[in-house]
Amino acid sequence: MRFDNYELDNFYDELFQSADQPRPAGAALVDRIHQLGPGELLQRQQAAQQALFKLGATFGVYGDNQGSDRIFPFDVIPRIISAQEWRHLETGLKQRIHALNLFIDDIYHDQKIIKDGKIPAELILSATGFQKPCMGLNPPEGVWCHITGSDLVRDRNGQWYVLEDNLRCPSGVSYVLENRRVMKSTFPQVFEEIPIQPVDGYPSQLLNTLLHLVPENIAHPTVVVLTPGIYNSAYFEHSYLAQQMGVELVEGRDLVVADGHLQMRTTQGLQRVDVIYRRIDDTFIDPLEFQADSLLGVPGLMQVYREGRVAIANALGTGIADDKVIYAFVPNMIRYYLGEDPILANVPTYLCWEPKQLDHVLGNLDQLVVKSADESGGYGMLVGTQSTQAEREEFAQKIKANPRKYIAQPTLCLSRVPTILEQEFVGCHVDLRPYILYGQDIYVHPGGLTRVALKKGSLVVNSSQGGGSKDTWVLCE
Amino acid sequence: MLSRVANSIYWLNRYIERAENVARFLEVNINLMLDIPTGIEQQWQPLVTTTGDRAFFEQHYGEATAENVIQFLTFDQQYPNSIFSCWQMARENARSVREIISSEMWSEVNAAHQMVSKASKDLSISDLSDFLEQVKQASHSFVGTTDATLSRNEAWHFGRMGRFLERADKTSRILDVKYYVLLPSATDVGTLLDELGWMALLKSASAYEMYRQSSQQHRITPAGVSGFLILDPEFPRSVQFCLWQAEQSLHRITGTPLGSWHIPIERSLGRLRSEMEYLMIDEIIDRGIHEFLDQLQQSMNEVNNGIYETFFALPPLETTAAPQSQSQSQGQGQNQSQTFATPQSY
């Protein structure tokens, strides 16, 4: 396969700067692909898919009863990011996560940012992610969000934007690691020719981040990953991370509060747990304080947590900054807490909560992307340019009924990467989710998950909506 | 190790061993039926009887024809002990302990599960022997991979205990098949047909060559074969050998020295194993082989229950009734109530 007929169509292409000219960072890859024999690339694509399937690198889809898991489609053409570009993103993300943590800490303590009039109190109090039981909590060293996955996109001009921050239980990092493993066996020569930053360090970094939360007097701490169980769509990842870190994967039913500590039920009796990397939402974690009918969590956990006898990553309450309305205020937070200008821009965002902006949104539904403030995974959204009149009317009703719940953003012309669709190279839209760990320092994992919309022209990259993924290559300096 | 995880590993191994033995049951009968002269009625009912799930079979199939019994034991998705269901459950259990087992073990389970699912969709009856062979092979492959990649830790011992208890139970049932299939016609005893039957039986336990080689008993006799499958201390599928392996693992888990006991389960397994050690086949034949096997299976069920009570049952601390897990509410709810490791009497 060759790129001879590949069309850029007036989008920003991550691999080509013009139809016949690869970007400098991608030249070696394009050469290599052109050297492959006929059919070889397709064979490698199939082999890669097969390898992932054999590995069982799968995700579950809610409401799909056809077997509880399916493979996350994978495309072998990687997305390449130059060292210089990456440095810019890295600095910007560190700044952003720093400010977001200061914000969360402030919200659950003095709420200075509200008192100083930078964010309306009403928005905070009405956010579903705001957890009253967390007021006054002091997580170790004031860090609330230890693991973040921020979604980035590029527009037609190649300008980067932050699309949203996932501060609760961001998924996908397991695919980053597995995709790389498969790519190294698919294109070994390319890895010899191009200096690419390795990604295998993630489990160690994550474990260090979690161990950093342990009080110093505990010599042999027990770290666990808390999963809702094998029916959760991200179960593969929960299990994978526990395995890679060599820690226990537990479910709520394995845990119990006894003698003032969180303990797990083992074949040798109860054993103390010191740190939880939780992959279930706040409101499921303790039925005594949050959702009473939740069977996923552990009764009494919140009290143990409050007393500082167990650490939780991410801390409870981080969901406040995961709200898409609050997201709109992140640039303000950066200026307010750090006194700096934001390095990475937000996508311009209209808050339906403000009457003037609401009018604009309702008048331009066919141009905008409307998102529900507290949903993820591509659920509860309207892509205006691809919607029908009926869908727009339905959304208008929903927005008017509950304006706090909705934001709108212009439809971005997401950048594209060549992708194999029906034995041809087609430019498909991508986004990027880098993973940021906040322990002793802030660490940005080099790469991240590139999600790709596997339908011609589609802008929706979520795995639950039929998207796929690519390996992300961050080049060495 | 977590009780839930230990339970899953125990059952992961039991289910794989069970699928292998169901394949062995079928093989022995197919081989026998092929050797039976035309005119003598084919016997498939005994296979159903020895599973202990006769009521289920009669309700769903009625008559015990070859086709019905084969479908029942291979691909019946409702029947929890079919080869298909066993691999399904094995995979679900493996999926819930992936972080504990080696990735090579997971790959084996995953690949075998795919093989069985595929066969369940498009297997023709003429390929049945190949399929049964593959099922046995998959089980061997899993066991070998486990031995080569898993540390001799608690997980390994729980797995070994599950596998050998399951195997002991199934060897006793394979022997029982013979009792039902051939004994009714007492006139056949000692004939060539009878000898063929005992040979088929040995082969289905992969015991033929080992039996021939074993000291003093090259000739095929009912007492010789029964004695070998129940009491031989060296053959890896004999009841005696399996109970001995299971007991060793039990003691490695609890830390109690072999030859002594602290908790009831150590006593009941130790007692059963040592009884096997000092029994003689003549005593068993005097009691009646079938009656003996029946009693043995009951004792092994009690051992299994003891293991459940000792290691897997949740401590009584739990106050909130939580029989089910629950999905996070990001979408439509789904069925969460399945448990994968429930002990089943077979």
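In this text, all values refer to a predicted model and were calculated from it rather than measured experimentally. (Residues numbered from 1 in each chain as written. Chains lettered and ligands numbered in written order. Predicted model: local features only at pLDDT ≥ 70, side-chain atom pairs only at ≥ 80, totals over all residues. Heavy atoms only, no water.)

A.B. asks: Give me the lowdown on the sheet that holds strand 9 (residues 248–250) of chain A, citing residues and values where you can.
C.D. replies: Residue and element names in this part refer to chain A. Across the sheet, which stays open at both edges, the 4 strands sit in the order 9-8-13-14 with parallel pairing between neighbours. Only two strands of the sheet have a single partner each, and these edge strands are strand 9 and strand 14 (311–313). On average, each strand axis in the sheet is tilted by 30° relative to the strand beside it, whichever way the strands run. Both strand 13 (residues 275–278) and strand 14 contribute to a ladder of 3 bridges, which runs parallel. (Pairing = 2+ DSSP bridges. Helix = DSSP H or I, 4+ residues; strand = E, 2+ residues; numbered from the N terminus. Axes fitted to C-alpha atoms, helices over the stretch in contact; angles between N-to-C directions.)

A.B. asks: Any chance you could break down the pattern of salt bridges for me, citing the residues and the numbers?
C.D. replies: Evaluation of the coordinates by the stated rule reveals 45 salt bridges over all chains. Here A:Lys324 makes a salt bridge to A:Glu164, at a shortest N to O gap of 4.0 Å. Here A:Glu164 lies in strand 7 (residues 160–166) and A:Lys324 lies in helix 11 (residues 324–327), a separation of 160 residues in the sequence. Since its relative accessible area comes to 7%, A:Lys324 is described here as buried. With relative accessibility at 12%, the residue A:Glu164 sits in the buried group. Between B:Glu20 and B:Arg24 there is a salt bridge whose closest N-O contact spans 2.9 Å. In this pair, B:Glu20 and B:Arg24 are both assigned in helix 1 (residues 3–35), 4 residues apart and thus about one turn of the helix distant. One exposure class covers both B:Glu20 and B:Arg24, and it is buried. (Salt bridge = Lys/Arg side-chain N within 4 Å of Asp/Glu carboxyl O. Buried < 20%, exposed > 50% of the residue type's maximum accessible area, 1.4 Å probe, protein only.)

A.B. asks: Explain the domain arrangement of chain A to me, and be specific about the residues and the numbers.
C.D. replies: All names here are of chain A. Domains assigned within chain A are domain 1 (16–86 + 168–197 + 429–474), domain 2 (92–161 + 203–338) and domain 3 (348–410). Between the C-alpha centres of domain 1 and domain 2 there is a distance of 27 Å. Domain 1 puts 34 residues into the contact, and the matching count from domain 2 is 38 residues. The junction of domain 1 with domain 2 conceals about 3300 Å² of combined surface from both sides, 59% of it contributed by carbon and sulfur atoms. On inspection of domain 1 and its partner domain 2, the count reaches 4 salt bridges. Across the pair Arg433 and Asp151 runs a salt bridge whose closest N-O atoms are separated by 2.7 Å. Summed over the shared surface of domain 1 and domain 2, the number is 15 residue pairs in polar contact (both at pLDDT 80 or more). Residue assignment for the side of domain 1 that touches domain 2 shows that the elements contributing at least two residues are strand 3 (58–59), strand 5 (74–81), helix 6 (173–186), strand 21 (424–433), strand 22 (435–438) and strand 23 (442–444). No other element matches the 5 residues that helix 6 contributes to the side of domain 1 that touches domain 2. For the side of domain 1 that touches domain 2, a count of residues per class yields 18 nonpolar, 9 polar and 7 charged. (Domains from an automatic or database assignment. Contact = heavy atoms within 4.5 Å. Buried area = accessible area lost by both parts, 1.4 Å probe. Polar contact = N/O pair within 3.5 Å; in protein donor to acceptor, adjacent residues only side chain to side chain. Nonpolar A, V, L, I, M, F, W, Y, C, P; charged D, E, K, R; others polar.)

A.B. asks: I'd love a proper account of the confidence of the model for chain B, names of residues and values included.
C.D. replies: Residue and element names in this part refer to chain B. Looking at chain B, pLDDT values average 84 and 84% of them are 70 or higher. Looking at the elements of chain B, mean pLDDT is at its lowest for helix 9 (residues 192–204), recorded as 81, and at its highest for helix 12 (residues 239–254), recorded as 97. Scored below 50 in pLDDT, residues 316–346 makes 76 contacts in the model with residues more than four places away or belonging to other chains. In the predicted complex, the global pTM is 0.84; the interface-specific ipTM is 0.74. (pLDDT = per-residue confidence, 0-100.)

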